[in-house]
Every structure is written in structure tokens, then in C-alpha cells.
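Analysis of the macromolecular model
As a plain string of letters, each chain reads:
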Amino acid sequence: MKVKVFTVLTLACALFMMACGKSDADLQKAAMDKLTAEKVTGVTVAVKDGVATLSGEVADATVKGKAEAAVKSVEGIKSVDVAKLTTKPLPTPPPPSPDKMIEGTVNEAIKKLGLTGANITVTVSGGVITLTGDVAKADLTKVMQAANEAKGNATKVENKLTVK
Amino acid sequence: MSLQEKYLTLLELANANGTSYELSEGDGVLHVNGSAPSEEAKAELWAEYERLDPEYRAGDLILNITTGAGDAGGGANTYTVESGDSLSKIGSQYGIPWKAIWDANRDILKDPDKIYPGQELKIP
């Protein structure tokens, strides 16, 4: 009998705690405060039964991830739905310089690396840089940097180098 | 999966190590143009790029990160003269007339026929 009373009391206590848990409105406010603290702007939070739904538009995917993590960290939030939180459409890159100009720039940048034994051919067509030939594994990143950083707004870097 | 999501850890690393960047996207390629606070920070980003795409084969990212030191010259495009070069030969490598190079380098050149190995010519 004693055990039963204890069980009932425990249940009653649990129910009482739930009822007194943070309301959706409290959670919504806590989530917004958390976002403000993390300097995330442009996000609207709605909370229903402890489930937060984020909406709005943020600068990029890193801000979206940050917003999701921030709201998730609020005590009492069970889950976070970010399906309605979009990232800003990205602008298109500026048009590329003439192919020959990009080609000369990349060739010069690779020459300046002073690689020994490398045999790299650079071709540029429609702003797309294609690298062919051989490169040592240790030099690949340097060559890719040279191609990626070339002035002239290349539209793409195709790495067809054989890595030795 | 969007390209931003594919390279999310790279972008998060940029935020964490103090690299400022701007994104643009065209023809299925994500362009990350930015400025890193140090060579180490830039190397971290490239290490992450290589981790995500070993040997850089996907061709869907342009990672153009400058560092303060490397870009001190205002990012000018230059060419270092080699033995056997002439202005017209250099011009043909860039698809521009020799006279354009001559005009851009009047400050360091006195005679278009006299250029010397090691000279840094501005490419207009």
C-alpha cells in the first residue's frame, strides 16, 4: 500500500513538473534571446509543444547551422525544424577575363612556384582553367592555389593532373 | 546537397579562424573569395579543402584566399622577365599587344627593346 501511494505521488509530482515546465511562449523568448546573443539576425522562431520551427533568410549555410545549434541548446526545446530557414541566393561571379589573359597569369604563377620536374600545361577555354600533365603530390596544393588565385575571375578549375 | 553544405566545414573554419569571405555561385561552381589573417589560416582552409576533396578533382569550388602580406602590391598582375623574352613575346602569352605592356611600364622601362631578366613587369 505504501508503495502505491509513493507511486501515485511520484506520478502526480511528474505531472506537476511538466505542467510547470517552460511554456512554448517562454521557450520562444529564450530561443530568440539565444539567437541575439549569438548575433544571428533575420531568423523568426515559432515554438509549439517544445518543437521550434525556424524561418527567415540568412547569409549562408554557416549562419543556418549556427541558428539551429543555438536554438537546440535552449533547455526545453525538443527539436528544431529548419526546413523553412533559407540561405540568401548567391550572386553570380563577375564575367571572366579573356582566356589568354587567364592562361598567361596562371602560367606565370606556376612558374613562380619554381617547381622542379613538374610538367604542367594550362589551357583556358571560356574561363575554365584545365590543368594537365604531371605534378608531385607535395606540389599539388600549391599548383591548385596558383590556379584558384589567378586574377581574371576564372569560372572553374579542372584538375586533370596526374599526381606522382 | 547544395555546394554551401558540401563545403560547410570549410566555411565554418573560415569563420572560426578569422577569414572574411564573400560567396558567389555560377555554373555549378561555388566561388569563395576571401582574405585570411595569416598564411597559417589560409593553409588550414586549404587543408580542409583537400580533406573534403582529395586531389581536388570535383572542380566545383574556387577558393581564392589572399593574405595581407601576399597581397601588399595591391594584387597587381605581374610578369618576371626571363632571358630571351621580348615585350611582344610576353604580350602573346597574355593575348595583349606589346604596346599595352610598354604603356603600363613606362615608369621602369626606357626602351621597349631593352628589358632584362628579373624585371617585374605589370600586366595591364
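Preceding this paragraph is the structure being described.
Residues numbered from 1 in each chain as written. Chains lettered and ligands numbered in written order. Predicted model: local features only at pLDDT ≥ 70, side-chain atom pairs only at ≥ 80, totals over all residues. Heavy atoms only, no water.

Points about the sheet that holds strand β1 (residues 43–48) of chain A
Residue and element names in this part refer to chain A.
- As summarised here, the arrangement of the 3 strands in space is β1-β2-β3, forming an open sheet in which the pairing is mixed. Looking at the sheet topology across the chains shown, the edges are occupied by β1 and β3 (79–87). Across the sheet, the mean angle from the axis of one strand to that of its neighbour is 15°, orientation sign disregarded.
- As defined by bridge partners, β1 adjoins strand β2 (residues 51–58) across 6 bridges and the pair is classed as antiparallel. From the neighbouring strand, alanine 46 faces β2, where its bridge partner is threonine 53. (Pairing = 2+ DSSP bridges. Helix = DSSP H or I, 4+ residues; strand = E, 2+ residues; numbered from the N terminus. Axes fitted to C-alpha atoms, helices over the stretch in contact; angles between N-to-C directions.)

Side note on the nonpolar core
- The biggest cluster of nonpolar side chains holds 40 residues, and the ones touching the most others in it are Ile120, Ile129 and Leu131 of chain A together with Val32 of chain B.
- No other element matches helix α5 (residues 140–148) of chain A, which puts 5 residues into this core.
- If we skip the residues at most four places from it in the chain, isoleucine 129 of chain A touches Ile102, Val106, Val122, Thr123, Val124, Ala147, Ala154, Lys156, Val157 and Glu158 of chain A.
- Membership of the second largest hydrophobic core comes to 18 residues, among which are Val45, Ala52, Ala67 and Leu85 of chain A. (Core = buried A, V, L, I, M, F, W, Y, C linked by side-chain atoms within 4.5 Å. Buried < 20%, exposed > 50% of the residue type's maximum accessible area, 1.4 Å probe, protein only. Contact = heavy atoms within 4.5 Å.)

Concerning the sheet that holds strand β5 (residues 128–135) of chain A
Residues and elements named next belong to chain A.
- Spatial ordering of the open sheet is given by β4-β5-β6, a layout of 3 strands whose pairing is mixed. Whereas interior strands pair on both sides, the edge strands pair on one side only; in this sheet they are β4 (119–125) and β6 (156–163). On average, each strand axis in the sheet is tilted by 10° relative to the strand beside it, whichever way the strands run.
- Here β4 runs beside β5; their pairing, made up of 7 bridges, is antiparallel. Among the inter-strand pairings, serine 125 is bridged to a residue of β5, identified as valine 128.
- Together, β4 and β5 form the strand contacts of helix α4 (residues 99–113), whose direction differs from that of β4 by roughly 160°.
- Seen against the sheet, α5 touches β4, β5 and β6 and runs at an angle of roughly 155° to β6.

Brief notes about the interface of chain A and chain B
- Taken residue by residue, the interface counts 32 residues in chain A and 41 residues in chain B.
- Both sides of the chain A and chain B interface together cover about 3100 Å² of buried area, and 52% of this is carbon and sulfur.
- Sorting the residues of chain A by area buried against chain B places Leu90, Met101 and Asn148 of chain A first, and these three jointly supply 18% of that buried surface.
- At the junction of chain A with chain B, the criterion picks out 3 salt bridges.
- For the pair chain A and chain B, the number of links is 19 residue pairs in polar contact (both at pLDDT 80 or more).
- Mapped onto the side of chain A that touches chain B, the elements with two or more residues apiece are α3 (61–72), α4, α5 and β6 of chain A.
- Broken down by element, the side of chain A that touches chain B gets its largest block of residues, 7 residues, from α4 of chain A. (Buried area = accessible area lost by both parts, 1.4 Å probe. Salt bridge = Lys/Arg side-chain N within 4 Å of Asp/Glu carboxyl O. Polar contact = N/O pair within 3.5 Å; in protein donor to acceptor, adjacent residues only side chain to side chain.)

Brief notes about unusual backbone geometry
- Even without a glycine there, the phi angle at asparagine 153 of chain A is positive, about 50°.
- Structurally, asparagine 153 of chain A can be placed in the loop between α5 and β6.
- A positive phi angle is found at glutamate 55 of chain B, which is not glycine, with a value near 70°.
- Within the secondary structure, glutamate 55 of chain B is located in the loop between α3 (39–52) and β3 (61–67).
- Using a relative accessible area of 24% as the deciding quantity, one classes glutamate 55 of chain B as partly exposed.

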